[in-house]
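Examining the three-dimensional arrangement
The lines below spell out each chain.
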Amino acid sequence: LNRPLLAHPDPAVRARIAFRTGTLKRFVLLDAVLQALQDSVSEVRFEALRTLNVLDNRLSKEQISLLDERAAQLADDAHEGIRGEALLRVEEQVDKMLAAASQLVTQARLPEADSAYTKATQHAPQSWKAGYQHARFWLDNGQQQAGLQRLRALGTVLDVAPMTVAPTIDGRLDEAVWAEATQAELPFLGYRGYVLPADMLTRVYIGYTTQGLYIGVHSEDSHIDSLQAEKTQRDDQVWMDESIELFLDANLDRRSYVQVIVNAIGTFFDASHENGLPTQDVGWTAAIAGAVHQG
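Keep in mind that what you see is a predicted model, and the values were worked out from it rather than measured. (Residues numbered from 1 in each chain as written. Predicted model: local features only at pLDDT ≥ 70, side-chain atom pairs only at ≥ 80, totals over all residues. Heavy atoms only, no water.)

1. Here's the deal with the packing of aromatic side chains
The tally for this structure, following the rule as stated, stands at five aromatic pairs. Between the aromatic rings of Trp178 and Tyr205, the centroid separation amounts to 6.2 Å while the plane-to-plane angle is 75°, which identifies the pairing as edge-to-face. Separated by 27 residues along the polypeptide, Trp178 in the loop between β1 (161-162) and β2 (182-185) and Tyr205 in strand β5 (residues 202-209) bring together distant segments of the chain. By relative accessible area, Trp178 is classed as buried at 3%. Ring centres of Trp239 and Phe269 lie 5.2 Å apart, and the angle between their planes is 85°; this geometry places the pair in the edge-to-face category. Of this pair, Trp239 sits in the loop between β6 (212-219) and β7 (243-248) while Phe269 sits in strand β9 (residues 268-273), placing them 30 residues apart in sequence. Here Trp239 falls in the partly exposed class, since its relative accessible area comes to 39%. Take Phe269: its relative accessible area is 1%, and that puts it in the buried class. (Phe/Tyr/Trp six-rings, centres within 6.5 Å; stacked < 30°, edge-to-face > 60°. Helix = DSSP H or I, 4+ residues; strand = E, 2+ residues; numbered from the N terminus. Buried < 20%, exposed > 50% of the residue type's maximum accessible area, 1.4 Å probe, protein only.)

What follows is the structure in structure tokens.
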């Protein structure tokens, strides 16, 4: 099986052997499967990489080092399956590097932490997580402009445009002035570290005049007739309804912030926080106007 895995003229046979090595746990073939990562046919490389990811607990340190090096090279492969398998492995490596960098930050060893973050971003240039954490490190440790510039490149900073006049607050975003606002789609669903592509569009509009900041949110929903929104009293548990939630950290200290929520029928919740959620002051009231339109 070693010979046909590496030299059979039919790539379907080579791919099949690589695949079955994983399902049947034929550990004796792992060296050959590692070599198959260099195969000229993408489907063979895919099956080899998938098998090695499944059986990596049986690899030696030297084999793991070779696999990690090859996975980093395959992270930009044209084959979607190869990219996915490679990125899984690369992100595991990045997580370890970022954890080490974070530990250096807690020890106030900031130059070493910067080097560790740089190592992670160089190892995986395509890793959003590595780029984001390095940018946040710069932002929080005296390199604010460099951090903001990196965040712009990652798409996590918007430069908000001024508006010539204030928009009418009616829940509709079809007024001409809204076209002057900065716009961005929110393409991800995220909760407690889990991030998935969003299956429905949400687009935000942000602009300002000398009188205020204006935020419009257009959220599509495939079942608009079944939106759940029952809270009608201000500062009730509006977050339990279908709602839009905003957090405003005006001084960028990542501790104090203002929280505003509006549900699908226009009921508001607002609160201020001096130092995180435990300091929530629901008695604080924002100078805010808002409206909702369902269409």
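2. Side note on the sheet that holds strand β8 (residues 257-263)
With respect to topology, four strands assemble into an open sheet ordered β7-β8-β9-β10, the strand pairing being antiparallel. Edge strands, defined here as strands with exactly one partner in the open sheet, are β7 and β10 (280-281). (Pairing = 2+ DSSP bridges.)

3. Side note on unusual backbone geometry
You will see that Lys25, though not glycine, has its phi angle at about 55°, which is positive. Position of Lys25 among the secondary structure elements: in the loop between α2 (11-23) and α3 (30-36).

4. What to know about the pattern of salt bridges
Should their charged atoms come close, side chains of opposite charge can pair. Evaluated as defined, the whole model comprises 11 salt bridges. Taking the shortest distance from any N to any O, the salt bridge between Arg109 and Glu112 comes out at 2.8 Å. A cluster of three or more residues bridged by salt bridges with shared partners is formed by Asp56, Asp68 and Arg89. (Salt bridge = Lys/Arg side-chain N within 4 Å of Asp/Glu carboxyl O.)

5. Description of the pairing of β8
Counting buried residues along β8, seven of its seven residues qualify, which places the element largely inside the surrounding structure. Taking every second residue as pointing to the same face, both faces of β8 are buried, with Tyr257, Gln259, Ile261 and Asn263 on one and Val258, Val260 and Val262 on the other. With six bridges joining them, β7 and β8 adopt antiparallel strand pairing. Bridge pairing in β8 places Ile244 opposite Val262. Where β8 and β9 come together, six bridges link them in antiparallel fashion. Counterpart to Tyr257 in the pairing with β9 is His273.

6. Re α2
For an α-helix, 3.6 residues make a turn, and residues three or four places apart therefore share a direction. Taking 1.5 Å per residue, 13 residues should reach 18 Å; α2 reaches 19 Å between its end C-alpha atoms and fits that length. Of the residues making up α2, those classed as buried are Arg14, Ala15, Ile17, Ala18, Thr21 and Gly22. End-on, the buried residues of α2 take up no more than an arc of 160°, which puts them together on one face. Elements in contact with the buried residues of α2: α1 (2-7), α3 and α4 (42-54). (Expected span 1.5 Å × (residues − 1). Arc of directions from axis to C-beta. Contact = heavy atoms within 4.5 Å.)

7. Describing the nonpolar core
Residues Leu5, Leu37, Leu49, Leu52 and Leu67 are the most contacted members of the largest nonpolar core, which totals 22 residues. Elements that contribute at least two residues to this core include exactly α2, α3, α4, α5 (61-74) and α6 (80-106). If we skip the residues at most four places from it in the chain, Leu49 touches Leu37, Leu67, Leu74, Ile82, Glu85 and Ala86. If you look at the next biggest cluster of nonpolar residues, it comprises 16 residues, including Val90, Ala113, Ala130 and Phe137. (Core = buried A, V, L, I, M, F, W, Y, C linked by side-chain atoms within 4.5 Å.)

8. So, α6
End to end, α6 covers 38 Å across 27 residues, agreeing with the expected 39 Å (1.5 Å per residue, within 8%). Residues of α6 that are buried include every one of Ile82, Glu85, Ala86, Arg89, Val90, Gln93, Val94, Met97, Leu98, Ala101 and Leu104, and no others. Looking at the buried positions of α6, the neighbouring elements they touch are α4, α5, α7 (110-123) and α8 (128-140). Where α6 ends, the next residue or the one after it, Ala108, has phi of about 60°, a positive value.

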